[in-house]
Amino acid sequence: DNGVAHWDDMSLAKNYKVRLCRRGGNSYEDGIGATYTVKENSYDFSGKFPKAGTYYFKVRAMDSRNNAGEWQESPYIEITEEDLAEEAALSSRTE
């Protein structure tokens, strides 16, 4: 699933912060959109890719005292125009 981010569950984590990022053409990398707070160890980014390109996500664990772990980055995933077209077709069928 290109749009679903998964990461290892951490026993001390109360929740996770996760953010979608896009790799820039000049090696500058930055986040896109909001940073989401979730309790699960996955997040569905389907429909959140603004255009074709190379993406990754960053995640970090938060404990019960709101201490934050280090950001961890996923491997890169390539989103193509075809992926975006499929995503648009799927979302139009479910609305």
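Residues numbered from 1 in each chain as written. Predicted model: local features only at pLDDT ≥ 70, side-chain atom pairs only at ≥ 80, totals over all residues. Heavy atoms only, no water.

A. Representation of the overall build of the protein chain in the model. Of regular secondary structure, the protein chain possesses one helix and seven strands. Listed N to C, the secondary structure of the protein chain is β-β-β-β-β-β-β-α in terms of helices and strands. With the C-alpha coordinates aligned to their principal axes, the bounding extent of the protein chain is approximately 40 × 35 × 20 Å. Across the 95 residues in the protein chain, those meeting the buried criterion constitute 25%. Taking the intrachain contacts of the protein chain between residues at least 6 apart in sequence as the baseline, contacts between residues at least 24 apart amount to 61%. For the protein chain, the accessible surface area stands at approximately 6500 Å², while carbon and sulfur atoms represent 45% of it. Taking the average place of the 12 positive charges on the side chains of the protein chain and the average place of its 17 negative ones, the gap between the two points comes to 9 Å. (Helix = DSSP H or I, 4+ residues; strand = E, 2+ residues; numbered from the N terminus. Buried < 20%, exposed > 50% of the residue type's maximum accessible area, 1.4 Å probe, protein only. Contact = heavy atoms within 4.5 Å. Areas by Shrake-Rupley, 256 points an atom, 1.4 Å probe, with all protein chains shown as cover. Lys, Arg positive; Asp, Glu negative; His and termini not counted. Charge placed at Lys NZ, Arg CZ, Asp CG, Glu CD.)

B. Fine view of the environment of Arg65. Turning to its location among the elements, Arg65 is positioned in the loop between strand S5 (53-62) and strand S6 (72-73). Placed 29 residues apart in sequence, Arg65 and Tyr36 show a C-alpha to C-alpha distance of 18 Å.

C. Examining the confidence of the model for the protein chain more closely. For the protein chain, per-residue confidence averages 89 on the pLDDT scale, and 91% of positions sit at 70 or higher. Mean pLDDT values over the elements of the protein chain span from 83, in helix H1 (residues 81-94), up to 96, in strand S4 (residues 42-44). (pLDDT = per-residue confidence, 0-100.)

D. The arrangement of the side chain of Ser74 in detail. Examined against the element boundaries, Ser74 turns out to sit in the loop between S6 and strand S7 (77-79). One polar contact links the side chain of Ser74 to the main-chain amide nitrogen of Phe57, over a distance of 3.0 Å. Setting aside its immediate chain neighbours within four residues, Ser74 contacts Tyr56 and Phe57. (Polar contact = N/O pair within 3.5 Å; in protein donor to acceptor, adjacent residues only side chain to side chain.)

E. View of unusual backbone geometry. The backbone of Asn66 shows a phi angle near 65°, a positive value even though the residue is not glycine. Examined against the element boundaries, Asn66 turns out to sit in the loop between S5 and S6. Asn66 gets classed as exposed once you look at its relative accessible area, which sits at 52%.

F. Structural context of the nonpolar core. Ranked by size, the top nonpolar core spans 15 residues in total, and within it Trp7, Val18, Phe45, Phe49 and Phe57 carry the most contacts. At four residues, the largest contribution of residues to this core is made by S5. Not counting residues up to four positions away in its chain, the partners in contact with Phe45 are Gly3, Ala5, Val18, Arg19, Leu20, Tyr36 and Phe57. (Core = buried A, V, L, I, M, F, W, Y, C linked by side-chain atoms within 4.5 Å.)

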